[in-house]
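What follows is each chain in one-letter form.
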Amino acid sequence: MYDFYNEFEKYCKTPGVDSGKARSYANAIEYLCDYLKIREINTQAIAQIKSLENDICDKDSEFHQDLLHFLASRGQKSYLAKGYIKAALKYFFDFVK
């Protein structure tokens, strides 16, 4: 998975701009996969993440609240609270096409 996250981070980079956005997006997907216990990005994992996209983004959903609690316990709450996971999903789905 380390190689996947590195390639995904490269994909997210804006040419000529040195920012932390790409790293944040790669971390966001990594933390989401940790929560979902995804150990390999394959068709099944992509479908699982896609099926949860609305719940991930819906602050009132039970899934969102559980994910927020999980991330908070690891000191990573901001990845969901500040929208990094939501923003990273667009890049993720484009990247895995």
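Residues numbered from 1 in each chain as written. Predicted model: local features only at pLDDT ≥ 70, side-chain atom pairs only at ≥ 80, totals over all residues. Heavy atoms only, no water.

Asks: Even after reading the chapter, I still don't get the pattern of salt bridges, so can you show me in this structure?
Replies: Side-chain pairing between opposite charges can occur once the charged atoms of the two side chains come close. Enumeration according to the criterion identifies six salt bridges in this entry. R23 is the salt-bridge partner of E9, the closest N and O atoms lying 2.6 Å from each other. Taken together, the positions of E9 in helix α1 (residues 2-12) and R23 in helix α2 (residues 21-36) put the pair 14 residues apart, joining distant regions of the chain. Given the relative accessible area of 14%, E9 is considered buried. When the shortest N-O distance is used, the salt bridge between D94 and K90 registers 3.4 Å. (Salt bridge = Lys/Arg side-chain N within 4 Å of Asp/Glu carboxyl O. Helix = DSSP H or I, 4+ residues; strand = E, 2+ residues; numbered from the N terminus. Buried < 20%, exposed > 50% of the residue type's maximum accessible area, 1.4 Å probe, protein only.)

Asks: Looking at this structure, how should I read the packing of α1 against helix α6 (residues 84-95)?
Replies: A pair of packed helices can be characterised by two numbers: the angle between their axes and the separation between those axes. It is the contact of α1 with α6, at a shortest axis distance of 10 Å, that shows an interaxial angle of 105°. By the angle between their axes, α1 is roughly perpendicular relative to α6. Two secondary-structure elements touch here, α1 through F4, E7, F8, Y11 and C12 and α6 through A88, Y91, F92, D94 and F95. (Axes fitted to C-alpha atoms, helices over the stretch in contact; angles between N-to-C directions. Parallel < 35°, antiparallel > 145°, perpendicular 65-115°, else oblique. Contact = heavy atoms within 4.5 Å.)

Asks: Would you explain the nonpolar core in this entry?
Replies: Nonpolar side chains in soluble globular proteins tend to be buried together. Counting 30 residues, the largest nonpolar core has F8, I29, L32, I49, I56, I85 and F92 as its most contacted members. Counting residues per element, the ones that place at least two in this core are α1, α2, α3 (43-57), α4 (62-73), α5 (78-81) and α6. With nine residues, α2 is the largest single contributor of residues to this core. Dropping the residues within four chain positions of it, I29 is found in contact with Y5, F8, A88, L89 and F92. (Core = buried A, V, L, I, M, F, W, Y, C linked by side-chain atoms within 4.5 Å.)

Asks: What is the right way to look at the packing of aromatic side chains in this model?
Replies: Given two aromatic rings, their pairing is described by the distance between the two centres and the angle made by the two planes. Under the definition given, this model contains 13 aromatic pairs. Ring geometry for F4 and F8: centres 6.2 Å apart, planes at 5°, overall stacked. With F4 and F8 both in helix α1 and four residues apart, the pair spans about one turn of that helix. When sorted by exposure, F4 lands in the same class as F8, which is buried. A ring pair is formed by F92 and F93, whose centres lie 5.4 Å apart and whose planes are at 65°; its orientation type is edge-to-face. Take F92: its relative accessible area is 0%, and that puts it in the buried class. A relative accessible area of 12% means that F93 is categorised as buried. Three or more aromatic residues joined by ring pairs make a cluster, and in this case those are F4, Y5, F8, Y11, F92, F93 and F95. In this structure, K50 packs its charged tip against the face of F93, placed 4.6 Å from the ring centre. A cation over an aromatic ring shows up here: K90 above the ring of Y91, its NZ or CZ 5.7 Å from the ring centre. (Phe/Tyr/Trp six-rings, centres within 6.5 Å; stacked < 30°, edge-to-face > 60°. Lys NZ or Arg CZ within 6 Å of the ring centre and 35° of its normal.)

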